[in-house]
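Here are the chains, one letter per residue:
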Amino acid sequence: ETGIAIVGQSATLAPADKMLYALRDVTATVDSIPLIAASIMGKKLTADDDVIVLDVKTGNGAFMKTEEDAFNLAETMVKIGNGAGKKISAVITDMNEPLGFAVGNSLEVKEAIDVLRGKEVGDLNEVCLALGIEALYLSGYGDREYCKNAFLTAIKNGSAYNKFCEFVTMQGGDLSSYNNGEYLAEYSYEVKSNNSGYITEICAENVGLCALNLGAGRNTAEDVIDYKAGILLNKKVGDKVCVGESIATLYSSKPNLFENIAKTFIESVTISDKKPLKNEKILRII
């Protein structure tokens, strides 16, 4: 069978990756395209997949803040893949607002499961479809329209979700926690709007920092991740909101964090009287 890599493999596959990360940190060159490309492609090529599909983010919530930088990174990685004899494609996608509604480890896994089960998760469905089409197309499955129909059929008939369950079972995983709600943190807090109007911006970078401070990430190497911590958005860019209406729900095992983080979250959301134009999520395919 043709191997397809859409998501990153463990850094243990490429031990030099830790050295590259350390070099990026100590030299303050975190957004260095050559180092990022080497880090990502080192893992992809070590896995030795025949087909590689890369999701290259751009926007305030991504390493590459501009579409030009994202294109340069994508082009560099595609050239590396081609040089190694791989069938490779890079899909440049917008990350100026959070993708989907979930931000945080277990919350995002649950949302991915929802997509596999055929539920509508807004722009996440759109990006997953684009990546899936590219994977099938590069594998020689058919033209892009045929691949699109095959992707949607696999979602609709349940075979995509069943294959995911098979993967989880083979690796000793247990999906029961996602079926009975155990993926949610013990405490939650509703972030309510101070204004009425249309949401014109939700800064992905700031929302990510809010999730990190709730426990979903690390501020230092010694921090312990709370895998159930995170944020569920109740509104997205373009949605209408009224004063007092919930924009998001915060989740954490530390309820004392909620009040300050809610204030930071509110500052990450811009509301105006005019409904904004829809942002395209799929910006370019290389």
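Residues numbered from 1 in each chain as written. Predicted model: local features only at pLDDT ≥ 70, side-chain atom pairs only at ≥ 80, totals over all residues. Heavy atoms only, no water.

Undergrad: For this particular structure, what's the right way to read the overall build of the chain?
TA: Of the regular secondary structure elements, the chain holds 10 helices and 11 strands. Among the 286 residues that make up the chain, the fraction classed as buried is 42%. Considering only contacts within the chain whose residues lie at least 6 apart along the sequence, 72% involve residues at least 24 apart. When the accessible surface of the chain is split by element, carbon and sulfur atoms take 53% of a total near 15200 Å². (Helix = DSSP H or I, 4+ residues; strand = E, 2+ residues; numbered from the N terminus. Buried < 20%, exposed > 50% of the residue type's maximum accessible area, 1.4 Å probe, protein only. Contact = heavy atoms within 4.5 Å. Areas by Shrake-Rupley, 256 points an atom, 1.4 Å probe, with all protein chains shown as cover.)

Undergrad: Help me understand unusual backbone geometry in this model?
TA: Backbone geometry follows two general trends: most residues other than glycine have a negative phi, and most peptide bonds adopt the trans configuration. Residue Asp48 is not a glycine yet carries a positive backbone phi of 60 degrees. Of note, Asp48 is situated in the loop between α2 (33-47) and β2 (51-58).

Undergrad: Please explain the sheet that holds strand β8 (residues 240-241) as it appears in this structure.
TA: In sheet architecture, strand pairing relies on hydrogen bonds along the backbone and comes in two forms, parallel and antiparallel. Strands sit in the order β8-β6-β10 across an open sheet of three strands; the sheet is antiparallel. Each edge of the open sheet is held by one strand with a lone partner, namely β8 and β10 (269-272). Relative to β8, strand β6 (residues 197-202) runs antiparallel, the two being bridged by two bridges. Across the sheet, the residue bridging to Gly197 is Val241, located in β8. (Pairing = 2+ DSSP bridges.)

Undergrad: Honestly, the packing of aromatic side chains in this entry has me stumped. Any pointers?
TA: The geometry of an aromatic ring pair comes down to the distance between the two centres and the angle between the two planes. Taken as a whole and judged by the stated rule, the model has four aromatic pairs. With centroids separated by 5.6 Å and ring planes inclined at 10 degrees, the aromatic side chains of Tyr178 and Tyr183 adopt a geometry described as stacked. Each member of the pair, Tyr178 as well as Tyr183, is classed as buried. The lysine or arginine in question, Arg144, covers the ring of Tyr137, its NZ or CZ lying 3.9 Å from the ring centre. The side chain of Lys236 reaches across the aromatic face of Phe101, ending 5.7 Å from its centre. (Phe/Tyr/Trp six-rings, centres within 6.5 Å; stacked < 30°, edge-to-face > 60°. Lys NZ or Arg CZ within 6 Å of the ring centre and 35° of its normal.)

Undergrad: Looking at this model, I keep getting lost on the pattern of salt bridges. Mind explaining?
TA: A full pass over the atoms with the stated rule returns 13 salt bridges. Between Lys65 and Glu205 there is a salt bridge, with the nearest N and O atoms lying 3.6 Å from each other. Of this pair, Lys65 sits in the loop between β2 and α3 (67-83) while Glu205 sits in helix α9 (residues 204-216), and the two are 140 residues apart along the sequence. The partly exposed category is assigned to Lys65, whose relative accessible area is 42%. A salt bridge links Lys236 to Asp123, with the nearest nitrogen and oxygen atoms 3.1 Å apart. Of this pair, Lys236 sits in the loop between β7 (230-233) and β8 while Asp123 is found in helix α5 (residues 123-138), placing the two residues 113 residues apart along the sequence. With respect to burial, Lys236 and Asp123 carry one shared label: buried. Salt bridges sharing partners connect three or more residues here, namely Asp94, Glu97, Asp123, Lys236 and Lys281. (Salt bridge = Lys/Arg side-chain N within 4 Å of Asp/Glu carboxyl O.)

Undergrad: Would you mind showing me how to read the sheet that holds strand β4 (residues 102-103) here?
TA: Reading across from one edge, β4-β7-β9-β5 is the order of the four strands in this open sheet, with antiparallel pairing throughout. The sheet terminates laterally at β4 and β5 (187-192), the two strands that pair on one side only. Pairing of β5 with strand β9 (residues 246-252), which is carried by six bridges, proceeds in the antiparallel orientation. Opposite Ser188, over in β9, you have Tyr251 as the bridge partner.

Undergrad: Would you mind showing me how to read helix α10 (residues 258-267) here?
TA: Count 3.6 residues to each turn of an α-helix, and residues three or four apart come out pointing the same way. Along α10, the positions that sit buried rather than exposed are Phe258, Ile261, Ala262 and Phe265. Within α10, the buried residues cover an arc of 105 degrees as seen down the axis, which keeps them to one side. Facing away from the buried side of α10, by more than 90 degrees, are the exposed residues Glu259, Asn260 and Glu267. Summarising the contacts, the buried residues of α10 are in contact with β5, α9, β7, β9 and β10. (Arc of directions from axis to C-beta.)

Undergrad: How should the side chain of Lys236 be read in this particular structure?
TA: Relative accessible area serves as the criterion here: at 7%, Lys236 is assigned to the buried category. When neighbours within four sequence positions are excluded, Lys236 is seen to be in contact with Glu97, Pro98, Leu99, Gly100, Phe101, Asp123, Ile199 and Ile202.

Undergrad: Explanation requested: the layout of surface pockets in the structure shown.
TA: Where empty space is left in the structure can be found by rolling a water-sized probe over the atoms. Each pocket or cavity is described by its volume, and for the second largest pocket that value is around 310 Å³. Taken together, 15 residues form the lining of the second largest pocket, with Glu97, Lys236, Val237, Lys278 and Asn279 sitting closest to its centre. Broken down by class, the residue content of the lining of the second largest pocket amounts to four nonpolar, three polar and eight charged. (1 Å grid on protein atoms, 1.4 Å probe; cavity = no way out; pocket = protein on both sides within 12 Å on 5 of 7 lines; lining within 4 Å. Points joined across faces, edges and corners; volume = space filled by probe spheres on them. Nonpolar A, V, L, I, M, F, W, Y, C, P; charged D, E, K, R; others polar.)

Undergrad: What's the story with the environment of Arg218 in this structure? I'm lost.
TA: Examined against the element boundaries, Arg218 turns out to sit in the loop between α9 and β7. In this view, Arg218 contacts Leu212, Asp223 and Ile225; residues no more than four positions away in its chain are not counted.

Undergrad: Hey, could you run me through the environment of Ala37 in this one?
TA: Summarising the element assignment, Ala37 is placed in helix α2. Owing to a relative accessible area of 1%, Ala37 belongs among the buried residues under this scheme. When near neighbours in sequence (up to four residues on either side) are disregarded, Ala37 contacts Gly42, Leu73, Thr76, Met77 and Ile80.

Everything listed here is a matter of geometry and, on its own, says nothing about what the molecule does.
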